[in-house]
Structures are given as structure tokens and as C-alpha cells.
Amino acid sequence: MTAAIPEVLPAGRPQSTPQRHLETIDLDITFGTGLATHHAVKEVSFMIKRGGAYGLIGESGCGKSTILRAVAGLNADYRGAILIGDKEVQNKRGKEFFRRVQMVFQDPYASLHPRKIVKSVLMEPMKIHGFDNPEARMARVLDEVGLGQEFRYRYPHELSGGQRQRIAIARALVIEPEILLLDEPTSALDVSVQAEILNLLKTLRRERHLTYLMVSHDLAVVAHLCERIGMMQSGRIIEEMTDDDVRASRASQPYTQEFLAASIG
Amino acid sequence: MANPLLTVEDLNITFPGAHGVNHAVRGVSFTIGHEKVGIVGESGSGKSQTGRAILKLNPAFARMEVGKLEFAGCDLKAASERQMRRIRGNRISMILQDPKFSLNPLMRIGAQIMEAYRLHHRTRIAEARQRTLAMLEAVQIREPERVFNLYPHEVSGGMGQRIMIAMMLIPEPELIIADEPTSALDVTVRRQVLGILDDLVSRRGTALMFISHDLNLVADFCDRVLVMYAGRIVEDLPARELHNARHPYTRGLLESLPRLDRPVELLKVPSRDPAWRDEPSIYRGVTP
């Protein structure tokens, strides 16, 4: 007998494909106990191929952000399995996981430390993960997100909302992750800035072959960035569509049809 | 328009700051009749400050200068604070963005709405209660008796916003200023809330000033649209003509939105020209 962690895959599941990059199997999350129990996520399974982009949409309170937080390792209290590549990750994540999976949060006004300059924001993850050549890497990543080198010495309050979100993306990218988790990355921004950030995310994905898992309530934004979209309602993914299905309003569930109609206006 | 309800001429709002003066609203002039007027613009364009200036609710350190501010024959520019209090809520009311922050958390919903009514109308409590219940029903709250006794934290966001609409409509104002009334709501709830607002506003012939950053929403909902950029109105046009807008800024904003019916690889980012701040606004597709 060895002490190695077995790769547990529930029986009856199809065998893995080489392209699979991120998968959840029967993800189940509850908050509270007794009468106050809230079953936030119910047996959610989805799979994203390497280089794919998957979007979760739904009303507030449907559990979409809860899924993202569980995948990101911010909530270790879940049942079911989360797989990166072909390996199931432990509920309590290790350092290696965070090098491969990074997250960009909704509000760039809240997600950057107000007392840290851009340079220390970008240096910290590289120090934690022991990267060489940090100065050169920082210069490159600032370039990639379309900010000049002079931004190194700025504090967050000296940046606009769009620039802050670019720094948040740079912080996630600087340790060269494979998977980016996006929690409503543009909903706190103006439309013109939203266009800039969406263009940036699209270009980065192509150049770096990133895999995206995105959460949003804006259907047009999700369809712009993702080619597969999961519609959520009270903790379940009730329907999966392609972006073409969404554009053509092809949906089988009545709730999805209603949501599509309301979004198109 | 022969007899506008609200006339604003040459409105300027400045904020003195450590790094010089921030000129938030620069010489804005417009009129509102019995219609639904949308004001769109990005954050910092001065749209909310313009809305607040009508009720003189700008922060105390802001400096406001206005050529003419007239509401239904009443000169608001010269009005004292005491006179303004009789206008606010009674003749002009304001719906704010987020019901979570705008309802009193320590007062029951029914009491808050009744207070809004009784501040301006001398009536008995029993009558105010009847009116409140009728108003809650008008904003499509199913069990008005139950909701009457709830606290704001016990209702959802969409219901909270409907309660705020009820509260703002019950004194029967002539003009409602709605500052991003639906941006804190989900898409599905947004439609319902807008539907209720539209229904009540058109039935009573109330004028509506609708401040929003969402161009498509405004195009659907309003009769007329004013586009603001850097404290100026750059374009004034009928809402159904929005997609034929002439100003490069309005066009840029429209093109920067991802659209379901027109997939593109990369979105257009609007360009900005500081000269737009000083040019006259385009009125109904005509440059004066």
C-alpha cells in the first residue's frame, strides 16, 4: 500500500479526455445549519476544455459566484470534486494550485491594497512562488495589460477604475497561470472602459492560451467572451448553450427563454 | 415647447479641491415638459449632479451657479431652504439607486411611506394607511398588509425599489427625478420595475427625468435623451433616433457595447476629444 493520494473519480463517469482543463463533478455547497440551512449550489457539473471560455449567468443569489469561490479555493467547505487537468484538487489548496489558477474580482476599488504601490502588488505573488527575474517579468506584464512602466510607483487611488482593473489582471497574470477565474470583471466599469477590458481579456486569452471561467449577469458580455454558457437558477445549471444559441435565442427551458428575452429588451 | 415644466439655464457646478477647481457641470441648459427625459453619460459626466441641482441637494462644499432655474412658474433659484422643503418630495421627488441605502433601516415600510404622505398632506392616520396600502398594491406588491409591517432588510432588492417608487409617488409629485433607479437590480427584475414606473408615470401625467449610464435602456424607456460628456450636454435627441445619433461621442458609446445580434472579435473603444467640452450641443441632429 502506498500513501499517495488516489485519484478518485466517481464511478460511471466518462473517462477523461486529454483536453479537459477544469471540471467540477456534483459540486454541492450549503451554508448554515439546522433551520437556517441554505443550499446554495446543487450538484453542479461542468467541464471546460484547455483554452476554452465558460460563462455562468443567472440572477443574483443563484449561486454563480459561490461556484467561482469554491473553484478558486476561497471556500474549502464543499462536497463533490473539482479537477484541474486530470487531477482532483484537495479542498484545502496547496501553493501549486494558486500558481496555475488565479482570480480577477468584480470591484477594482476593493480588490487592490490601498497602501501598496503597483510594484509591490505585482512583486508579492512572484516572491511567494519564487520566480526569477521579477523586474523583467513585471515590465512585460505591465506592457501586456497596456500600461506604461511609469505606473509602477502609483498607488491605487491614483488610478482610474479601468487602470485598476488592468493592474488586477496584471497581478493575476504575472505568475503565468493557466486558468483565470473572472467574477463580473467589468460590471463596476463604464461602457467604454468595459470595452477596453473585454478587448484586453480576449487578446490575452489568444496570446497566452488561457482558460477562462467567467461569472456575469450581463448576457451580451458573456456571449462576447465565452463560447459555452451555463444558465443557472437557484443553485443548478439548468441549461448549457453555445454563444450562437444565445445569440439566436435558442433555449429549451422556459426560465432561460425569459432571461434571454429580458436581456435583449 | 411652449410651456415647459422645468427650465434650467446655464447651470454650473464646481467643487473646490486641493488640486484646483473641479468643474463638474459646465453651462448646462435644458427644459423638461410632461415627458420622460433620459440623461445618459459615463461616471463623472455630471449627470447626477445635474439631477441633484434641481432640488438643490448638492453637497454643501459644491458651488452652484445657475442663470435660471424655474419649475412650474416657481423660481427655484431664489427659493429659500424653507420653500425648498415644501417642494422636495411634494412636487419634485427623487428615486435613488440602491434601496438598501436609501430606506430607513429602523422604520417599518408602511410607516415610512405614510410619513412621506403625511409630511405634505394633512390627513388622519387611517386615511394615510389606506392610501399607503393602495399604493403598495399599485406597485404590484402582492400582500400589502404583510409588507406594510416589514423592515427594509426583510425585502428583496426589487421589492425595495418598488417600495421606494411607491414612497416617491404617493405625494403625487409633478416631476420625478430617478437617479439610476434600476442599476442595482437583476435584468429580469429591472424590466418589471421599469414597467411599473412607466405605467404609473404615464397614468398620472408625471414628468420624469431618468438618469442612467445604460444607453439601450434609456432608448427603450424614454421619449427624449440628453447625452452628457465632461459636464456638458453634447447631444439632445428623441430616444427613437438614438441609433442615428450624430455626435461622435454618442456614436462611440453605442459602438462600444457588446451586442448579441452583432458578434465582433474586438469592441470599438470610443475616442475622446477635449474640444467637445466647448462645442455647442447637437439638437435633434442639427448642429446650431
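Further up the page is the structure itself.
Residues numbered from 1 in each chain as written. Chains lettered and ligands numbered in written order. Predicted model: local features only at pLDDT ≥ 70, side-chain atom pairs only at ≥ 80, totals over all residues. Heavy atoms only, no water.

(A) Summary view of the environment of A:Leu74. All names here are of chain A. Mapping Leu74 onto the fold places it in the loop between helix H1 (64–72) and strand E4 (79–84). Put simply, Leu74 and Gln257 are 183 residues apart on the chain and 33 Å apart in space, counted from C-alpha to C-alpha. Residues in contact with Leu74, not counting those within four places in the same chain, are Arg69, Met103 and Phe105. (Helix = DSSP H or I, 4+ residues; strand = E, 2+ residues; numbered from the N terminus. Contact = heavy atoms within 4.5 Å.)

(B) Quick peek at the packing of aromatic side chains. By the definition in use, this model includes eight aromatic pairs over all chains. Where A:Phe97 meets A:Phe98, the ring centres are 5.3 Å apart and the plane angle is 80°; that geometry is what we call edge-to-face. Note on A:Phe98: relative accessible area 31%, which makes it partly exposed. Ring geometry for B:Phe210 versus B:Phe221: centroids 5.1 Å apart, planes at 50°, classification tilted. Linking B:Phe210 in strand E9 (residues 207–212) with B:Phe221 in helix H9 (residues 215–221), this pair joins segments that are 11 residues apart in sequence. Put simply, the rings of B:Tyr229, B:Tyr249 and B:Trp276 touch in pairs and so form one group of aromatic residues. The residue whose ring lies beneath B:Lys36 is B:Phe221, and the NZ or CZ to ring-centre distance is 5.2 Å. (Phe/Tyr/Trp six-rings, centres within 6.5 Å; stacked < 30°, edge-to-face > 60°. Buried < 20%, exposed > 50% of the residue type's maximum accessible area, 1.4 Å probe, protein only. Lys NZ or Arg CZ within 6 Å of the ring centre and 35° of its normal.)

(C) Summary view of the nonpolar core. Ranked by internal contacts, the top residues of the largest apolar core, which has 59 residues, are B:Ile95, B:Ile113, B:Ile163, B:Ile165, B:Leu208, B:Phe210 and B:Val225. Among the elements that make up this core, the one with the highest residue count is helix H7 (residues 157–169) of chain B (eight residues). Both of domain 1 (6–91 + 173–283) and domain 2 (103–172) of chain B provide at least three residues apiece to this core. When sequence neighbours within four positions are dropped, the list of residues in contact with B:Ile165 reads B:Ile95, B:Val139, B:Val193, B:Leu197 and B:Leu200. Counting residues in hydrophobic clusters, the runner-up holds 56 residues, among them A:Ala170, A:Ile197, A:Ile229 and A:Met241. (Core = buried A, V, L, I, M, F, W, Y, C linked by side-chain atoms within 4.5 Å. Domains from an automatic or database assignment.)

(D) Focus on the interface of chain B and chain A. The partner chain A presents 27 residues to the 23 residues of chain B that form the contact. Note on chain B versus chain A: buried area summed over both sides is about 2,300 Å², and carbon and sulfur give 59% of it. Our count for the contact surface shared by chain B and chain A stands at one salt bridge. A salt bridge links A:Arg206 to B:Glu265; its shortest N-O distance comes to 3.3 Å. Our count for the chain B to chain A interface comes out at eight residue pairs in polar contact (both at pLDDT 80 or more). By residue number, the principal contributor to the side of chain B that touches chain A is helix H8 (residues 187–204) of chain B, which donates four residues. Residues belonging to the side of chain B that touches chain A are distributed by class as follows: 12 nonpolar, three polar and eight charged. (Buried area = accessible area lost by both parts, 1.4 Å probe. Salt bridge = Lys/Arg side-chain N within 4 Å of Asp/Glu carboxyl O. Polar contact = N/O pair within 3.5 Å; in protein donor to acceptor, adjacent residues only side chain to side chain. Nonpolar A, V, L, I, M, F, W, Y, C, P; charged D, E, K, R; others polar.)

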